[in-house]
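# Residue-level structural notes
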Amino acid sequence: MAAPSGQTASANWQVARSVSAAHHVEAVAAVVHGESSQSESSSIEVEAVSSSWRRSAQAHHVNPESRESPRILTESSLRSSIEPIENVVLAAQTELNRLHRLVGQAGYVTLLCDQNGIAIDYRGNDQRSDEFRHWGVWLGGVWSEDIEGTNGIGTCIAECRPITVHQTQHYRARHIGLSCSGAPIFDSDARLIAVLDVSSIDPDVSAQAHALTLPLVTTSARLIEERLFRERFRKEWIIAVAPHDEQPASLLAVDRDHRVVGADRNARAQYRVDPQSMDAGVSVWTIFSRKGLLLRKGVPTDYPVRLTTVRGGDCFFALVSGPVTTSRLHVGKLETTLLMQPRIDLLEDLSRRFTIQPPRGGLAPGALRRVMEYIDSHLCEDLALETLAAHAGLSTYHFARAFKQSVGMPPHRYLLQQRVKRAAELLKQTEQPLTAIAQSLGFADQSHFSRSFHWLMGLAPSEFRRSHR
């Protein structure tokens, strides 16, 4: 007697899946043993995936043929995982809801995972919870790379960057019907603390359709980072700098004394701000000129500014948020919540509306570059205004006015700033006496050096040196 057509179709699907799984294990082995390159295997689309396959085999010893289901933590173990980053869970609620509204109709589960790959919060179809739990993409699922091999959550943690893993890009054959996109979430100290992920258990999702999820997840993860940053530095001025020259948006926190007390991972990379310089009380004026950036007191709303970098004179748009002080919080819970809302997703559009015009009458870019390079290589000399003007091809009067319009400060102030920055490097890297440093950088004497250094850096030279030992 012939089998019913439904049973036949199911049996055929199981056979096809078994054949596909066997082929996948062979492909994994070929890549791990160096017998196949990325271009030779259609299941390996990016080098990050093949690198992860090798880690999974050689460092983590994960068996690609294992049929074991992913671990699902007990409620007590899950609570232990949530407690250390409960503030992240709270900060992520709005974005979890928003992201899931975008992907939920396509059958995706939205997961918030900790730095160990444990799903600590989720949005999904509860009516399909048994299916999702079977595949491990549910609350309490453990998706670290050292346990499950290559996957969108664990490999995102290992690579510390957004990544999508589609079906046969997974390491374990059991997971080749899954599609995952994960983006890291960094705290205000630039440490990876969580991963935001969307996962599908539909084996018919195309690579092209799934690729659309990664930008959505990356944007949501970035907005969670901003909310965490704003909550931590709620009593400071927060400068949100718009994307520029292919650089992403960045966040800085500045206190009432104009010291940089917080910088997100993008600001640290773009402006060379590190924990040591923040501990030493680095001034925001070492990054931006005073012209354009004003920290206004008592302003109830955000306000736009045009920033000019001290080095290079680049101009770009930023939005400044004043401190969320007690006097501003009396308006109520709703207004307080709004003050913590992320803004960086608005910056690009706002910057187009708030057109930044280059300073009129400033130095030509080539002339400005020549002057800055000359100053940088002659810091130890007594640089006369006439000498700098000659390098720009202008009279001293026109040079002084044009330089200030381009850089935001007079030439002598810029020269002093560069000397102090070079002195800070020498204090960190050498044991030279303060007198020797003062003489080598053209200061009149050690007293002049100490006063200038303290004014710009917020610390005496000796204190700065001790703080970097």
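Right above here is the structure, for reference.
To keep things clear, this report deals only with the structure shown in the data block. Computed from a predicted model, the values in this text were never measured in an experiment.

Once that is clear, we can look at the sheet that holds strand 3 (residues 163–166). Strand order in the open sheet formed by 5 strands is 2-1-5-4-3, with antiparallel pairing between adjacent strands. For this open sheet the edge positions go to strand 2 (119–123) and strand 3, each flanked by a neighbour on one side alone. Averaged over all adjacent pairs, the angle separating strand axes in this sheet is 20°, with direction ignored. One ladder, built from 4 bridges, connects strand 3 with strand 4 (residues 179–186); its direction is antiparallel. For Ile163, the partnering residue across the bridge sits in strand 4 and is Gly182. Along the sheet, helix 4 (residues 86–103) makes contact with strand 1 (108–114), strand 2 and strand 5 (192–200), crossing strand 1 at roughly 160°. Against the sheet, helix 9 (residues 213–232) touches strand 1, strand 3, strand 4 and strand 5, its axis set at about 20° to strand 4.

Let us now look at the packing of helix 16 (residues 385–392) against helix 17 (residues 396–407). The geometry of helix 16 relative to helix 17 is characterised by a closest axis approach of 9 Å and an angle of 80° between their N-to-C directions. In terms of their interaxial angle, helix 16 and helix 17 are classed as roughly perpendicular. In this structure, helix 16 contributes Leu385, Glu386, Leu388, Ala389 and Ala392 to the contact, and helix 17 contributes Thr396, Phe399 and Ala400. Counted by class, the contact of helix 16 with helix 17 contains 6 nonpolar, 1 polar and 1 charged residues.

Below, the discussion takes up the environment of Thr309. If you trace the backbone, Thr309 turns up in the loop between strand 9 (303–308) and strand 10 (315–321). Classification of Thr309 as buried rests on a relative accessible area of 8%. Thr309 sits 24 residues away from Trp285 along the chain, and the two C-alpha atoms are 9.0 Å apart.

Cut-off values and rules
Residue numbering note: each chain is counted from 1, following its sequence as written. Given that this is a predicted model, residues contribute local features only at a pLDDT of at least 70 and side-chain atom pairs are listed and counted only at 80 or more, while totals for whole chains, interfaces and linings are drawn from all residues. Values reported for side chains reflect all heavy atoms of the structure, with hydrogen atoms and water molecules removed beforehand. One requirement defines pairing of two strands: DSSP has to find at least two bridges between them. For the purposes of this entry, the term helix denotes a DSSP run of H or I that reaches at least four residues, the term strand denotes a run of E that reaches at least two, and both are numbered from the N terminus. Note on method: axes are straight lines fitted to C-alpha atoms, helices fitted across the in-contact stretch only, with angles between N-to-C directions ranging 0 to 180 degrees. Residues are treated as being in contact if the distance between any of their heavy atoms lies within 4.5 Å. If an angle is under 35 degrees, it is roughly parallel; if it is over 145, roughly antiparallel; if it lies from 65 to 115, roughly perpendicular; otherwise it is oblique. For this classification, Asp, Glu, Lys and Arg are treated as charged, while Ala, Val, Leu, Ile, Met, Phe, Trp, Tyr, Cys and Pro are nonpolar and the rest, including Gly, are polar. We call a residue buried when its accessible area falls under 20% of the maximum for its residue type, exposed when it is over 50%, and partly exposed in between, using a 1.4 Å probe and counting protein chains only.

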